[in-house]
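Below, each chain spelled out in residue letters.
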Amino acid sequence: MPKTHPVSSPVYARGSEKAAQVRAMFSAIAPRYDVLNHLLSLNLDRRWRRRAVDRLAWERAPAGVYLDACSGTFDLALELARRPAFTGAVLGVDFSGPMLRQGLRKIAGTRVRPVCADALDLPFPDRSLDGAMVAFGIRNLADLTAGFRELSRVLRRGARLVVLEFATPARGPWRGVYLLYFRRVLPVVGRWISQHNFAYRYLPESVLLFESPEELGDTMRSAGFEGVAIERLTGGAVALLRGERA
Ligand SMILES: C[S@@+](CC[C@H](N)C(=O)[O-])C[C@H]1O[C@@H](n2cnc3c(N)ncnc32)[C@H](O)[C@@H]1O
């Protein structure tokens, strides 16, 4: 039987209540997070993260300092740190200690530095970073606009922000297949392996309630990013947004 956890699903929570519930949920699933990530995405998550780093424009400042916000177990940060021409540093920020601890072995001897902090209150000076990325984390923030503003605050003018987030394929047979998998198969497998009673139900529920990629692009623009562009990956199951700090 899956263990019961002392908090409820953050899907309808707001503000500090949502933040506390999200942190508790990821902390509880941390030991199984990586396995489930690769399994439930059929390993496509690696390809999505590769594409995100391709869009970061880090080649403009290969010795720069980059942020991976909501870094979890550092897979996105590592994708950048392992690029052969990259000589800078990646700050992997997450507010769940257990998620960071889970990834520590992977980043030993790399250019990734773990930082335990809230993405809504980053411990970095204004305009100090050369680029930022967020993979599958922006949807979990207690205040989306405040999150984009905080990312904008720490970025230098012209620095790139890249956001990867789940989306819902717009139409056609793929939408039906995807929704069947996302709503029926993924929560069952996720619950079975993570032994957590709602984390893998929260995933599809929160994605279906979240802003569309176009709305997310508008929120990015209103928080100080320009040149916002949207790509759809895997038939629209994932959106990749990029924009530059104005
Ligand atoms: C779905 S995981 C994504 C992890 C990683 N980026 C990846 O691609 O696998 C979301 C992560 O965001 C973190 N998170 C959510 N809200 C946060 C916040 N306000 N500040 C810092 N981390 C946050 C969670 O603790 C969790 O580790």
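Residues numbered from 1 in each chain as written. Predicted model: local features only at pLDDT ≥ 70, side-chain atom pairs only at ≥ 80, totals over all residues. Heavy atoms only, no water.

**A short note on the packing of aromatic side chains**
Two aromatic rings are characterised by how far apart their centres lie and by the angle between their planes. Applying the stated criterion to the full structure yields 10 aromatic pairs. Among the aromatic residues, those joined into a ring-pair cluster are Trp 48, Phe 136, Phe 166, Trp 174, Tyr 178 and Phe 182. Positioned above the aromatic ring of Phe 95, the side-chain terminus of Arg 23 is 4.5 Å from the ring centre. (Phe/Tyr/Trp six-rings, centres within 6.5 Å; stacked < 30°, edge-to-face > 60°. Lys NZ or Arg CZ within 6 Å of the ring centre and 35° of its normal.)

**Structural notes on the site of the ligand**
Around the ligand lies a shell of 19 residues, among which Tyr 33, Cys 70, Asp 94, Asp 118 and Ala 119 are the nearest. Take Ala 119: an N or O atom from its main chain is 2.8 Å from a nitrogen atom of the ligand. A distance of 2.9 Å is found between a nitrogen atom of the ligand and a backbone nitrogen or oxygen belonging to Ala 135. The protein chains hide 97% of the 590 Å² of surface that the ligand would expose on its own. A breakdown of the residues in the shell around the ligand according to their chemical character gives 11 nonpolar, five polar and three charged. (Near = heavy atom within 4 Å. Polar contact = N/O pair within 3.5 Å; in protein donor to acceptor, adjacent residues only side chain to side chain. Areas by Shrake-Rupley, 256 points an atom, 1.4 Å probe, with all protein chains shown as cover. Nonpolar A, V, L, I, M, F, W, Y, C, P; charged D, E, K, R; others polar.)

**Thoughts on the confidence of the model for the chain**
Averaged over every residue, the pLDDT of the chain is 94; residues scoring 70 or more account for 97%. In this model residues 1–6 is a low-confidence stretch, pLDDT under 50, and it forms 12 contacts with partners more than four residues away in sequence or in other chains. (pLDDT = per-residue confidence, 0-100. Contact = heavy atoms within 4.5 Å.)

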